[in-house]
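# Residue-level structure breakdown
Chain by chain, the residues:
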Amino acid sequence: MEQQTKKIHIMTAQEVKNIIRDVPDFPKKGILFKDLTTAFINPDCMRWFAEELTAEYEKKGITKILGIESRGFVIAPIVANKLNVGFVPIRKKGKLPAEVIEESYEKEYGLDTIEIHKDALCEDDIVMIHDDLLATGGTMEAAVRLVKKFNVKKIYTSFLVELEDLKGRELFEPEIEVTSLIKC
Ligand code: AMP
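So, here's what we can say about the structure.

Each value, and the rule that gives it
- Counting from 1, residues in each chain are numbered in the order their sequence is written.
- Thresholds applied to this predicted model are a pLDDT of at least 70 for local features of residues and 80 or more for the giving and counting of side-chain atom pairs; totals over whole chains, interfaces and linings are not thresholded and use all residues.
- Values shown for side chains rest on all heavy atoms present in the structure; no hydrogens or waters enter the calculation.
- Strands are treated as partners if at least two bridges between them are detected by DSSP.
- Each helix is a run of DSSP H or I of at least 4 residues and each strand a run of E of at least 2, with the numbering of both proceeding from the N terminus.
- All axes are obtained by fitting lines to C-alpha atoms, using only the stretch in contact for helices, and the reported angles, taken between N-to-C directions, cover 0 to 180 degrees.
- When we say a residue is near a molecule or strand, we mean one of its heavy atoms is within 4 Å of it.
- In protein, a polar contact means a hydrogen-donor-capable atom and an acceptor-capable atom, both N or O and within 3.5 Å, with residues adjacent in sequence counting only if both atoms are side-chain atoms; elsewhere, any N or O pair within 3.5 Å suffices.
- For the accessible areas, the method is Shrake-Rupley and the probe is 1.4 Å, while residue cover comes only from the protein chains on display.
- Each residue gets one label: Ala, Val, Leu, Ile, Met, Phe, Trp, Tyr, Cys and Pro are nonpolar, Asp, Glu, Lys and Arg are charged, and the others, such as Gly, are polar.
- Think of it in three bands: with a 1.4 Å probe and only protein chains considered, a residue is buried below 20% of the maximum accessible area for its type, exposed above 50%, and partly exposed in between.
- Whether two residues touch is decided by their heavy atoms; if any such pair falls within 4.5 Å, the residues are in contact.
- Planes of paired rings set the category: under 30 degrees apart is stacked, over 60 is edge-to-face and the rest tilted, where pairs are Phe, Tyr or Trp rings (Trp by its six-membered ring) whose centres lie within 6.5 Å.
- Two limits define a charge over a ring: the Lys NZ or Arg CZ must be within 6 Å of the ring centre, and within 35 degrees of the ring normal.

Attention shifts here to the sheet that holds strand S4 (residues 86–92). Sheet strands line up and pair through hydrogen bonds in the backbone, either parallel or antiparallel. Taken together, the 7 strands give an open sheet; going across it, the order is S5-S6-S4-S3-S7-S8-S9, and neighbouring strands pair in mixed fashion. Lying at the two open borders of the sheet, with one neighbouring strand each, are strand S5 (100–106) and strand S9 (177–183). The average undirected angle you get between the axes of adjacent strands in this sheet is 25°. Sheet analysis places S5 next to strand S6 (residues 111–117), joined by 7 bridges and oriented antiparallel.

Below, the structure written as structure tokens:
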């Protein structure tokens, strides 16, 4: 049987935004959860995310792209591959097998800890740290503190979605550039 190939559609930011599903009261009452799985299942949205971020960072001399577990692991490796640089995971405590450096941060209930392999970065690196969504900014701010321990040359941060009302980007010092593709 002849194989049907799906026609590529070039998305706009508004089209992608419309595809992201709002789930009220998840994971608890009062939170409007931005469910990106409805965009990740759509190859045109996946391409749009990857190409927009690649265009944003291709002239910045990035040497490594870091993704924050777990929703930051979807797009970051694709962009790393397009830029021909390595991908580095930042994971929750206890998941990485070799020697790690860690950083803790306040969550709603107690402390959370993230880790990165000790040999993953060096002082010559220019890194982009990626997560799916910027809410209060606490998670990314901890990731930035973690990466600063390596004395890298420059740190960029990127998100697919930014919840602007929460003003998460105000947490970051001016030298940390914050990029988001879709503002909600
Ligand atoms: P924050 O540290 O407050 O910026 O939260 C960011 C992290 O929590 C990201 O990894 C998101 O995946 C997740 N997150 C927080 N709020 C939401 C939301 N309203 N919808 C989807 N994900 C969220």
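So that's the structure; there's more coming.
Near the ligand you find 13 residues, and of these Asp-131, Asp-132, Thr-136, Gly-137 and Thr-139 are the closest. Thr-136 is positioned such that a nitrogen or oxygen atom in its side chain is 2.5 Å from an oxygen atom of the ligand. In the complex, the protein chains occlude 83% of the 490 Å² of accessible area that the ligand would expose alone. Here the residues of the shell around the ligand sort into 5 nonpolar, 4 polar and 4 charged.

Considered for burial, the residues of helix H5 (residues 138–148) that qualify are Gly-138, Met-140, Ala-142, Ala-143, Val-144, Leu-146 and Val-147. Turning to H5, the residues buried within the fold contact strand S3 (64–68), S4, S5, S6, strand S7 (126–134) and strand S8 (154–162).

It is worth spelling out the packing of aromatic side chains at this point. Think of a pair of aromatic rings as described by two things: how far the centres are apart, and how the planes are tilted against each other in angle. Counted under the stated rule, the structure contains 5 aromatic pairs. With a centroid separation of 5.1 Å and 85° between ring planes, the pair formed by Phe-26 and Phe-33 is classed as edge-to-face. The exposure class of Phe-33 is buried, given its relative accessible area of 18%. Each ring, one from Phe-73 and one from Phe-87, has its centre 5.8 Å from the other, and the planes form 90°; the classification is edge-to-face. Here the residue Phe-73 occupies a position in the loop between S3 and helix H4 (76–82), and Phe-87 occupies one in strand S4, the gap between them amounting to 14 residues. Of the residues examined, Phe-73 reaches a relative accessible area of 25% and is grouped as partly exposed. Among the residues examined, Phe-87 registers a relative accessible area of 31% and is labelled partly exposed. Connected via pairs of aromatic rings, a cluster forms that spans Phe-40, Trp-48 and Phe-49. A cation over a ring is seen here: Lys-154 above Tyr-156, with NZ or CZ 5.2 Å from the ring centre.

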